[in-house]
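Analysis of the macromolecular model
Now for the letters of each chain:
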Amino acid sequence: MSTNRIENPKIVSRDEWLAARKNLLAKERQLTHERDALAAERRQLPWVKVEKDYVFDSSSGKKSLADLFDSKSQLIIYHFMFGPDWKEGCPSCSFNMDHTDGMLVHLAQRDVSFAAVSRAPLSKIEAFKKRLGWRFTWVSSYGTEFNYDYHASFTQEEVAKGKVDYNFDLVEFPSAEAPGISVFYKDKDGSVFHTYSAYARGTENVVNTYNYLDLVPKGRDEDGLYFPMAWVRHHDRYEDGQLADANKPYWPAEALATR
């Protein structure tokens, strides 16, 4: 059911609007406090020591997981859907990453490093990154078990079984790649710990376009689409009229298989 009020908006006086707005504000404040409490609880999760020696391909040579911290003690990894045989990266992951470069300098001030990881070979990653004009660190985990261990990629055997271990449950997921965010901490001795992971809509809160769309009368305006993000394009492919054809997305078959 649509939640926007464009077709039949309720038109009221300024005083009536103000009363309704204050009523909503009380709920917004409650949600803010609940979000703060949830964030505090998230920080209290136990840690798991990373025992494997993961080595990634980067534009500056081989790098270990510890190297990706780049002098910081905290590391955010975005699991970017870009399989070894794909021609380009997933549009929804690209939509997410369009919000990333501007925050890097600010994350660094809070002792946080950031990197995206995909199973695509580095040559494909570098070409796609250049095409979209991104600056963030993006490495290839091709040939490693990293994405599999953190449940953002699945073997053909796992997919063939009909259900895979994704978002902390066994679910149907017909693709070998999935989106996610994983967080790590490195102590003074150089030991690395896994502290948090989120998947599916758990990655949505870092997409600020959605936060803005949630403020406007039409909202995300995704009702009735082929799937909610069917309107999303790589940012160099938006053209007049494409939004009207969002039920016929251009997305490659390997990306559509994840929806």
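What comes next is a walk through the structure. Because the structure is a prediction, the values reported are computed rather than measured. (Residues numbered from 1 in each chain as written. Predicted model: local features only at pLDDT ≥ 70, side-chain atom pairs only at ≥ 80, totals over all residues. Heavy atoms only, no water.)

**Focus on the pattern of salt bridges**
Under the definition given, this model contains eleven salt bridges. Arg220 serves as the salt-bridge partner of Glu204, at 2.8 Å between the closest nitrogen and oxygen. Here Glu204 is found in the loop between β10 (192-199) and α7 (208-213), whereas its partner Arg220 is found in the loop between α7 and α8 (253-256), with 16 residues between them in sequence. Exposure remark for Glu204: the relative accessible area of 18% places this residue in the buried category. What emerges from the salt-bridge pattern is a single network uniting Glu88, Arg131, Asp236 and Arg237. (Salt bridge = Lys/Arg side-chain N within 4 Å of Asp/Glu carboxyl O. Helix = DSSP H or I, 4+ residues; strand = E, 2+ residues; numbered from the N terminus. Buried < 20%, exposed > 50% of the residue type's maximum accessible area, 1.4 Å probe, protein only.)

**With respect to the packing of aromatic side chains**
All told, the structure shown has 28 aromatic pairs when counted by the stated rule. Between Phe56 and Phe146 the ring centres are 5.1 Å apart and the planes differ by 85 degrees, which places this aromatic pair in the edge-to-face class. Note that Phe56 is positioned in strand β2 (residues 55-58) and Phe146 in helix α5 (residues 146-149), a separation of 90 residues in sequence. Residue Phe56 shares its accessibility class with Phe146, and that shared class is buried. (Phe/Tyr/Trp six-rings, centres within 6.5 Å; stacked < 30°, edge-to-face > 60°.)

**Comments concerning unusual backbone geometry**
Residues other than glycine seldom take positive phi values, yet Asp111 does so here, at roughly 65 degrees. Mapped onto the elements of the fold, Asp111 is located in the loop between α3 (104-109) and β5 (112-118). For Asp111, a relative accessible area of 28% puts it in the partly exposed group. Unusually for a residue other than glycine, Ala200 sits at a positive phi of about 50 degrees. Relative to the elements of secondary structure, Ala200 occurs in the loop between β10 and α7.

**Examining the environment of Pro217**
Relative to the helices and strands, Pro217 resides in the loop between α7 and α8. Residue Pro217 is classed as exposed on the basis of its relative accessible area, which comes to 60%. Residues Pro217 and Trp47, 170 residues apart in the sequence, show an inter-C-alpha distance of 42 Å.

**What about helix α4 (residues 122-132)?**
Helical periodicity: at 3.6 residues per turn, an α-helix aligns residues three or four positions apart in one direction. Within α4 the residues assigned to the buried category are Leu122, Ile125, Phe128, Lys129 and Leu132. End-on, the buried residues of α4 take up no more than an arc of 135 degrees, which puts them together on one face. Seen from the buried face of α4, the exposed residues on the opposite side, beyond 90 degrees, are Ser123 and Lys130. Lining the buried residues of α4 we find β2, α2 (91-97), β5 and β6 (138-140). (Arc of directions from axis to C-beta. Contact = heavy atoms within 4.5 Å.)

**A look at the pairing of strand β4 (residues 74-79)**
As defined by bridge partners, β4 adjoins β5 across six bridges and the pair is classed as parallel. Each bridged residue has a counterpart across the sheet, and for Gln74 the counterpart in β5 is Val112. With six bridges joining them, β4 and strand β9 (residues 180-186) adopt antiparallel strand pairing. For Ile77, the partnering residue across the bridge sits in β9 and is Ser182. (Pairing = 2+ DSSP bridges.)

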